[in-house]
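Commentary on secondary and tertiary structure
Read off the chains here:
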Amino acid sequence: MSPVDITATALEHLESMSTLHPDLSEPYQNLVGLYQRKLWHQLTMSTLEFVSNPSATLRTTAEGTNSYLALFDKVILPIDKKLNQLTLARIASAVAFSLLDDPPYADGVAARAILENLLEKKTRARLSPSAALHAESRLGLLGLTVLARSGEALTTTSSVEALEATK
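These notes cover the structure that comes with them. Every residue gets a number counted from 1 within its own chain, in the order that chain's sequence is written. pLDDT decides what is reported in this predicted model: residues at 70 or higher carry local features, side-chain atom pairs at 80 or more are listed and counted, and totals for whole chains, interfaces and linings draw on all residues regardless. Only heavy atoms go into the side-chain values, all of them from the structure, while hydrogens and water stay out.

With respect to the nonpolar core
Only buried residues count toward a nonpolar core, which is a set of Ala, Val, Leu, Ile, Met, Phe, Trp, Tyr and Cys residues joined through side-chain atoms within 4.5 Å. The buried label goes to any residue with under 20% of its type's maximum accessible area, the exposed label to any with over 50%, and the partly exposed label to all in between, with areas taken from a 1.4 Å probe on protein chains only. Among the nonpolar cores identified, the biggest contains 45 residues, and Y35 and F72 are the most heavily contacted of them. Here a strand is any run of E in DSSP of at least two residues, a helix any run of H or I of at least four, and the numbering for each starts at the N terminus. Secondary structure elements with two or more residues in this core: α1 (3-20), α2 (25-36), α3 (40-51), α5 (67-76), α6 (85-101), α7 (108-118) and α9 (129-149). The dominant element in this core, judged by the number of residues it contributes, is α6, at ten residues. Working rule for contacts: check all heavy atoms of both residues, and any pair within 4.5 Å makes them a contact. Those residues in contact with F72 that lie beyond four places of it in its chain are L77, P78, L88, I91, A92, V95 and I114.

Okay, structure coming up:
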């Protein structure tokens, strides 16, 4: 995908979300402005602030998917090399945990995939040690959270095996 296509896709997504959810028009327009001016640090920090408040900002897209996941896939991931890597890991973590809390889409497998993809070899080489550590620790917490929500006692051998199976 060319840089022009990446930019067009990102801006189109942000504009459509702004139109779809008028109550969130201001934050989405802020992200549009930062993206257009290529203010990557400010975009990263604004995105982190946005995804850190799911009770106020988590919605669905026109396609019916989790809005944080769409924001991450269409806006953040295509420019991940330009972003602060620790903040990228924090955004990925917030997106992953939103998948657990979003009732129609409560999906531990998809949530784990976000953090696991961030930790893959080719991406991990770019991650700072602090970003990799943050992603690894949040991945562990995510696994424990999924296990705890399943209602199984966390101290049994089967729960340890279940946690291992989610890798």
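Description of the packing of α5 against α6
What counts as an axis is a line fitted to C-alpha atoms, over the stretch in contact for a helix, and the angles between N-to-C directions run from 0 to 180 degrees. Two elements in contact, α5 and α6, have axes separated by 9 Å at closest approach and are oriented at 145°. Taken together, the residues of α6 that come into contact with α5 (itself represented by Y68, L69, F72 and I76) are L88, I91, A92, V95, S98 and L99. Here the contact of α5 with α6 is composed, by residue class, of nine nonpolar, one polar and no charged. All amino acids are sorted into three groups, where Ala, Val, Leu, Ile, Met, Phe, Trp, Tyr, Cys and Pro are nonpolar, Asp, Glu, Lys and Arg are charged, and the leftover types, Gly among them, are polar.

Details of the packing of α1 against α5
Relative to each other, α1 and α5 sit at 155°, their axes nearing to 9 Å. With respect to their mutual orientation, α1 and α5 come out roughly antiparallel. Classified by chirality, the crossing of α5 by α1 is left-handed. Contacts between α1 and α5 involve A10, H13, L14 and M17 from the former and S67, A70, L71, K74 and V75 from the latter. Our angle categories are set so that under 35 degrees counts as roughly parallel, over 145 as roughly antiparallel, 65 to 115 as roughly perpendicular, and the remainder as oblique. Crossing handedness is defined as follows: a turn of the near helix away from the far one that is anticlockwise and smaller than a right angle gives a left-handed crossing, while the clockwise case is right-handed.

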